Amino acid sequence: MLLFFTLGLLIHFVFFASIFDIYFTSPLVHGMTPQFTPLPPPARRLVLFVADGLRADTLYELDENGTSRAPFIRNIIMHEGSWGISHTRVPTESRPGHVALIAGFYEDVSAVAKGWKENPVEFDSLFNESKYTWSWGSPDILPMFAKGASGDHIYTYSYDAKREDFGAQDATKLDTWVFDNVKDFFHHAGNNQSLFSKINEEKIVFFLHLLGIDTNGHAHRPSSRDYKDNIKKVDDGVKEIVSMFNHFYGNDGKTTFIFTSDHGMTDWGSHGAGHPSETLTPLVTWGAGINYPQRVSAQQFDDSFLKEWRLENWKRLDVNQADIAPLMTSLIGVPFPLNSVGILPVDYLNNTDLFKAESMFTNAVQILEQFKVKMTQKKEVTLPFLFTPFKLLSDSKQFNILRKARSYIKHRKFDEVKPSHLLPCSFVAIGILVAFFLLIQACPWTYYVYSLLPVPIWYAVLREFQVVQDLVTSLLTYPLSHFVGYLLVFTLGIEVLVLSFFYRYMLTAGLTAFAVWPFLTRLWTRAKVTSLSWAFFSVLLAVFPLMPVVGRKPDISLVMGAGLLVLLLSLCVVTSLMKRKDSFRKEELLVHLLQVLSTVLSMYVVYSTQSSLLRKQGLPLMNQIISWATLASSLFVPLLSSPAVFQRLFSILLSLMSTYLLLSTGYEAVFPLVLSCLMFVWINIEQETLQQSGVCCKQKLTSIQFSYNTDITQFRQLYLDDIRRAFFLVFFLVTAFFGTGNIASINSFDLASVYCFLTVFSPFMMGALMMWKILIPFVLVMCAFEAVQLTTQLSSKSLFLIVLVISDIMALHFFFLVKDYGSWLDIGTSISHYVIVMSMTIFLVFLNGLAQLLTTKKLRLCGKPKSHFM
């Protein structure tokens, strides 16, 4: 049994890790030859402004008074340069957005293993190809372009990460810091001959990363005055920097300016998905080599932005975000980034037709180089008879296309038994054959794992052929109609679970069916109150999946209401404890009063923190201390309570609810309370079903206590009804995960959830806090199931085998639905769905351990041990 259990864990771990090797291998290749336009560039230097989190509509539109929020940029559009919309790709996050802008390629899917800090492989960029690059801004963005660069010609100047505070009074200081440091840099250059000579070289880049707008958008939403005023300050800062550059270089006309954004932002202050407010960003260019404004009488676009922005008479030139990288490289004459897939937007160029044609030709050859290297690498590790070249771009067609293009430029025409000695030998032979087949193709070691793992699995199955035969024989003893009926219900339940990962309202459908279940059995006649309570709380819990995703409309009054419900419930429980006359009364009362006090403090912290942040006074230190103390105490205070089932479960609920209130921003604060009520009814109703089937006699719930040393002789054999219990567990776990939102996507989270603990941006700490918020309902379900196992004498190992079958059937669905393209919402959701299902059995082992610790361990306030009353 232990061997199969260990093998099962190993298999699931391999399957879990396999998706990252199959779907999330970096598409980047290396070994290409640098390509650059062989003609003199129009600019000696380039200045890149990136206003992080700036939406196109908020920049281009006029305010309520009919004036522009960015008068300098609007003046550029009308009198000096070219403009348009840069269409970003999902995921609309800062790192992939900047990589697209500066390196010319979109999201490297293997970066899912590294978060948003850096790409897992080195890549070429505009900065790397430049002679010198100076950059100012966020410590989260600048280092990734300096890392892996050839040489030490990329200089970064960053402020302290603690400045990125969503609760700060004035986030515009992040941008002011950048502008001031750029000015100080040029002032210093006037007194430093070495620096002076460097900044007067050609092929140099100045990069100004402006994070204030993004920070204000997260903290106050894009419709806020803070966000819009930040745009005005950025506009003023850009104006000053441009004036300083022109003065420093004597108005030599050799400077190109690019103003754009890495991504936009939703109305509720998030980004990462593919809504137009996130994917439409501004692009304004002017200076050397850039076309002047073009007046037109009509323009054809699928939107009405031009009329809304009153820019219908100025030609709008839209681009894809990665196209900006080849535009910048052609302007200063450096090689195109080797991994760039951007296409040069020639309409932005103010140069000769020959320069445009040569730049487009160089761009095409640079992209073709990546195709050729990729094809060569694939051909080297594939057997000749298995390799099929891309017919539409064969070697001969490549040659012909390039030859014709070069000729046009030259002529200026620019336009995949039985147990015996035979069985193991056969499988050994199969294994050797598979390994040899992989060896001659020079396949990576992971391919050996994927291809050879089924060999011992099928060998183990065929060795136990008699067990499989006995199972089939036992199933055939059931009447055909019953067997088909059970199979259909089981299949329907599995499909509802799978669909609930995509459509939350399927959880509502499932919970509604749960509510009807007791009335279709004899439970209704035996336990009317329990059946009605089950139906009531099932329907009440079914409401949550129909509500909007948590975080988009924060409502602290709902959090306060949830806290009051907890206090009311606590009052009822404390009153019942005071009527008891056993020796544990004082100790239990002290523990519960301590937890009630913790709930009150949590309510106070939530309210006062919200008020403080609204006044832009930041997170009060005392609130932060109380929050972390509540979190730290939530796992050991329940251990002070009585091990009786009801008292211990209630103590766990109070402790975890105190923390959950601190992490809540709206209606989700009520969710664990309703879920716990349903779990308590579930414990009672499972006792009724077991008594109804005659398996065991019903015990009073108040007489049952959690015990760490469980007597395994009390465990019984599995019955058909245990499959239903396992299904209920899986369904409640899925409901705990998705009941208040799609936790598989980081875009579903609102950073306001952690503002009682910290407001300074710390992705790992914030992620850990939000992950604990997700796990709290999960822990409540597992603690309740500890009681179900105890009251029904159900073995945990037997349960895991049933859950294993359910999760593996679900995993077959999600394995083929994993995506390696699209937004963080699409990619993250597909990965998370597969990971959640595949890791469910393994995860249950660890969560079951935590639940056992919380339910069976007993700490004492006094040193004198006391006996328990049964």
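Heads up: the structure comes first, above all this text.
This report concerns the structure included in the present document. Because the structure is predicted, anything quoted here is derived from the model rather than measured.

### Topic: helix 15 (residues 395-410)
Along its 16 residues, helix 15 runs 22 Å from first to last C-alpha, staying within 8% of the 22 Å computed at 1.5 Å per residue. Two residues or fewer past helix 15, Arg412 is found with a positive phi of approximately 55 degrees.

### Some thoughts on the packing of helix 9 (residues 212-220) against helix 10 (residues 225-248)
It is the contact of helix 9 with helix 10, at a shortest axis distance of 8 Å, that shows an interaxial angle of 170 degrees. Put simply, helix 9 runs roughly antiparallel to helix 10. Residues Gly212, Ile213, Asn216, Gly217 and His220 of helix 9 pack against Asp226, Tyr227, Asn230, Ile231 and Val234 of helix 10. Partitioning the contact of helix 9 with helix 10 into residue classes produces four nonpolar, five polar and one charged.

### So, the sheet that holds strand 7 (residues 280-287)
Spatially, the eight strands line up as an open sheet ordered 4-3-5-1-6-7-2-8, and their pairing is mixed. Whereas interior strands pair on both sides, the edge strands pair on one side only; in this sheet they are strand 4 (154-158) and strand 8 (319-320). In this sheet, strand 4 lies alongside strand 3 (residues 132-137) in parallel orientation, the contact comprising five bridges. When the bridges of strand 4 are listed, Trp134 appears paired with Tyr155. Together, strand 1 (45-51), strand 2 (82-87), strand 5 (204-210), strand 6 (255-260), strand 7 and strand 8 form the strand contacts of helix 13 (residues 324-332), whose direction differs from that of strand 1 by roughly 155 degrees.

### Side note on the packing of aromatic side chains
How two aromatic rings sit relative to each other is given by the distance of their centres and the angle of their planes. The final tally for this structure, using the stated rule, is 57 aromatic pairs. Measuring from ring centre to ring centre gives 5.3 Å for Tyr159 and Trp177, while their planes differ by 90 degrees; the resulting arrangement is edge-to-face. Separated by 18 residues along the polypeptide, Tyr159 in the loop between strand 4 and helix 7 (173-189) and Trp177 in helix 7 bring together distant segments of the chain. A cation sits over an aromatic face here: Arg45 above Tyr249, 3.6 Å from the ring centre.

### Overview of helix 27 (residues 645-662)
Along an α-helix, residues three or four positions apart point the same way, because every turn accommodates 3.6 residues. End to end, helix 27 covers 26 Å across 18 residues, agreeing with the expected 26 Å (1.5 Å per residue, within 8%). Judged by how many residues are buried, helix 27 sits mostly within the fold: 17 of 18 residues are covered.

### Overview of unusual backbone geometry
Peptide bonds are mostly trans, and most non-glycine residues show a negative phi. Looking along the chain, the bond that leaves Val90 and enters Pro91 is cis, with omega of 5 degrees. In this structure, Lys616 is a non-glycine residue whose phi angle is positive, near 60 degrees. Mapped onto the elements, Lys616 comes out in the loop between helix 25 (585-614) and helix 26 (621-633). What makes Lys616 partly exposed here is its relative accessible area of 25%.

What counts as what
- Residues numbered from 1 in each chain as written.
- Predicted model: local features only at pLDDT ≥ 70, side-chain atom pairs only at ≥ 80, totals over all residues.
- Heavy atoms only, no water.
- Helix = DSSP H or I, 4+ residues; strand = E, 2+ residues; numbered from the N terminus.
- Expected span 1.5 Å × (residues − 1).
- Axes fitted to C-alpha atoms, helices over the stretch in contact; angles between N-to-C directions.
- Parallel < 35°, antiparallel > 145°, perpendicular 65-115°, else oblique.
- Contact = heavy atoms within 4.5 Å.
- Nonpolar A, V, L, I, M, F, W, Y, C, P; charged D, E, K, R; others polar.
- Pairing = 2+ DSSP bridges.
- Phe/Tyr/Trp six-rings, centres within 6.5 Å; stacked < 30°, edge-to-face > 60°.
- Lys NZ or Arg CZ within 6 Å of the ring centre and 35° of its normal.
- Buried < 20%, exposed > 50% of the residue type's maximum accessible area, 1.4 Å probe, protein only.

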